[in-house]
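Architecture at a glance
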Amino acid sequence: MSNPIAKHADGSNCYTKNCSRGGGHTPINNGLNKEAFIAEIEAVDQAKQLNNGYDLTGEVRIVDSVPTYRIRATKDFPEFDIKKGDKGGWIESPLLPDGSPRIKDGAFVGGDALIAGNASIAGNVLVAEEAYVGGNATIYGNAIVSGQAVIAGNAKIGGATQVKGNAVIAGNAIAEGDASIMGQATVGEEAIVKGGLIYQASRVRGYARINGGYVIGSEVRGNAIVNGGMLRGGMVEGNATIWGGYVDERAHVYGEATVSDGAQIGGTAQVFGNAKVRQQAKVTGTAQVFGDAIIAGSSWIHEGEYRNGLKSEAREHGHSEWE
């Protein structure tokens, strides 16, 4: 259905009854009905009157049957590398709280989402629903932030990262790659997440690095690194490294310890020092593995202590290949 939007000779939209540029007016069809067209005109007027630093270009894009409006800077913003006249991204509401055109490129803000403070979004970013982006946060690439997620502090979100639910990313944290941070998960301080799923009430903080795997209801902190595997409860900290396997329940992996392959750490077991648990080994119950101990093969330990390759007061199940 055509609407009365007209074009100037130079291709720009005409919004006045008597165009000063004159000539070349051709009705166009951009998918809006008459009511939506009127709303667009009103939105432009509101933006020009009430917002400090940007107005609307008059370009409209329909997203899920909802009109969205493109913004344009009306003054220079050197802190964001924006110059007067630069076009920005797209917004569903024609009004931004403080008028700063921090929505750049093809970025889109919809629903009741809020971009505040000195935060900026660019690229093909989508911020929707009731999400909040504030502080000095930066979101770029193809990232999606939705639900009631909060991005604050100096956080940087990029790549194809998805932040949903009630997740919070703050401090100097970075999330990029194809990471998914959901539920009530929090990522803060100097932590970096470059892949994997962070879910439920998980906490990733300190200088921790998550490069893949699943962190579900667990805590990763210090200089710990998770390169794969599944954490379903428990804590990984210090300089510990997870290369695969499982850390369940209330298990604790710390120090310089390494868990890899299909190994399982569960119960209230502790693996620390320079200990290594690998292959299909299991350390569960109240067992402690530390020192330079290596538990491998199909060993199954659920009580006692293993240290420096020696066992003291331990009970073993299955075939042992501990060293």
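What you see is a predicted model; the values in this text were computed from it and never measured. (Residues numbered from 1 in each chain as written. Predicted model: local features only at pLDDT ≥ 70, side-chain atom pairs only at ≥ 80, totals over all residues. Heavy atoms only, no water.)

Let us now look at the overall build of the protein. Broken down by element type, the protein carries 1 helix and 36 strands. Looking at the protein residue by residue over its 323 residues, the buried ones come to 47%. Partitioning the intrachain contacts of the protein with sequence separation of at least 6 by distance along the chain shows that 11% fall at a separation of at least 24. When the accessible surface of the protein is totalled, it reaches about 14700 Å², and 48% of it is carbon and sulfur. (Helix = DSSP H or I, 4+ residues; strand = E, 2+ residues; numbered from the N terminus. Buried < 20%, exposed > 50% of the residue type's maximum accessible area, 1.4 Å probe, protein only. Contact = heavy atoms within 4.5 Å. Areas by Shrake-Rupley, 256 points an atom, 1.4 Å probe, with all protein chains shown as cover.)

The next subject is the environment of Thr 68. In this fold, Thr 68 is placed in strand S4 (residues 66-73). Taking the C-alpha atoms as reference points, Thr 68 and Glu 92, separated by 24 residues in sequence, lie 4.5 Å from one another. Contacts of Thr 68, omitting those with residues within four sequence positions, involve Glu 59, Val 60, Arg 61, Val 63, Trp 90, Ile 91, Glu 92 and Phe 108.

Glancing now at the side chain of Asp 248. Along the chain, Asp 248 turns up in strand S27 (residues 246-253). Not counting chain neighbours up to four residues away, the residues in contact with Asp 248 comprise Arg 232, Gly 233, Ile 265, Gly 266 and Gly 267.

Let's shift gears to the nonpolar core. Grouped together as the largest cluster of nonpolar side chains are 67 residues, with contacts concentrated most on Val 127, Ile 151, Ile 169 and Val 253. Residue assignment for this core shows that the elements contributing at least two residues are strand S3 (54-63), S4, strand S23 (209-216), strand S25 (225-236), S27 and strand S35 (300-307). Filtering out sequence-adjacent residues up to four positions away, Val 253 remains in contact with Met 235, Val 236, Glu 237, Ala 240, Ile 242, Val 247, Val 259, Ile 265 and Val 271. (Core = buried A, V, L, I, M, F, W, Y, C linked by side-chain atoms within 4.5 Å.)

Right, let's get into the packing of aromatic side chains. Enumeration according to the criterion identifies 2 aromatic pairs in this entry. Geometrically, the ring pair formed by Tyr 254 and Phe 272 is stacked, given 4.9 Å between the ring centres and 5° between the ring planes. Within this pair, whereas Tyr 254 is found in the loop between S27 and strand S28 (258-259), its partner Phe 272 is found in the loop between strand S30 (270-271) and strand S31 (276-277), the two being separated by 18 residues in sequence. Overall, Tyr 254 belongs to the partly exposed group, its relative accessible area being 21%. (Phe/Tyr/Trp six-rings, centres within 6.5 Å; stacked < 30°, edge-to-face > 60°.)

With respect to the helices, strands and loops of the structure, Ile 169 is situated in strand S16 (residues 168-169). Note on Ile 169: relative accessible area 0%, which makes it buried. Taking the C-alpha atoms as reference, Ile 169 lies 9.4 Å from Ala 137; in sequence the two are 32 residues apart.

Here we come to the pairing of S35. Looking at chain direction, strand S32 (residues 282-283) and S35 are connected through 2 bridges and run parallel. Bridged to Lys 282 within S35 is Trp 300. Taken together, the 3 bridges between strand S33 (residues 288-290) and S35 define a ladder with parallel strand orientation. Across the sheet, residue Val 289 finds its bridge partner in S35, namely Tyr 306. (Pairing = 2+ DSSP bridges.)

With that settled, consider the pattern of salt bridges. Pairing is possible between side chains of opposite charge, provided their charged atoms come close. For the coordinates displayed, the defined rule picks out 8 salt bridges. Between Glu 237 and Arg 221 there is a salt bridge; the shortest N-O distance is 2.7 Å. Residue Glu 237 is found in the loop between S25 and strand S26 (241-242), and its partner Arg 221 is found in the loop between strand S24 (219-220) and S25; the two are separated by 16 residues along the sequence. If you follow the salt bridges from partner to partner, you end up with Arg 203, Arg 205, Glu 219, Arg 221 and Glu 237 in one network. (Salt bridge = Lys/Arg side-chain N within 4 Å of Asp/Glu carboxyl O.)

We now examine the side chain of Ser 299. Position of Ser 299 relative to the elements: it lies in the loop between strand S34 (294-295) and S35. Classification of Ser 299 by relative accessible area gives buried; the value is 0%. At 3.1 Å, the side chain of Ser 299 and the backbone oxygen of Ala 296 are in polar contact. (Polar contact = N/O pair within 3.5 Å; in protein donor to acceptor, adjacent residues only side chain to side chain.)

Regions with low pLDDT should not have their predicted coordinates read in detail. Per-chain confidence: the protein averages 80 in pLDDT, with 76% of residues scoring 70 or above. Residue range residues 1-32 is modelled with pLDDT below 50. Its contacts to residues more than four positions away, or to other chains, number 57 contacts. Throughout residues 312-323 the model reports pLDDT below 50, and contacts reaching past four residues in sequence, or to other chains, amount to 42 contacts. (pLDDT = per-residue confidence, 0-100.)

Turning next to the pairing of strand S5 (residues 87-91). Most of S5 sits out of view: 4 of its 5 residues are buried. The pairing of S4 with S5 spans 3 bridges and is antiparallel. In the sheet register, Arg 70 faces S5, and the bridge partner there is Trp 90. Here S5 runs beside strand S6 (residues 108-109); their pairing, made up of 2 bridges, is parallel. Within the sheet, the bridge partner assigned to Trp 90 lies in S6 and is Phe 108.

Peptide bonds are trans in most cases, and residues, glycine excluded, mostly fall at negative phi. Of note in this structure, Glu 129 is not a glycine but carries a positive phi near 60°. Tracing the backbone through its elements, the reader meets Glu 129 in the loop between strand S9 (126-127) and strand S10 (132-133).

What follows concerns the environment of Asn 223. For Asn 223, the position within the fold is in the loop between S24 and S25. Sequence spacing of Asn 223 and Tyr 254 is 31 residues, and the spatial spacing of their C-alpha atoms is 9.8 Å. Among the polar contacts made by the side chain of Asn 223, one reaches the side chain of Asn 239 at a distance of 3.5 Å.

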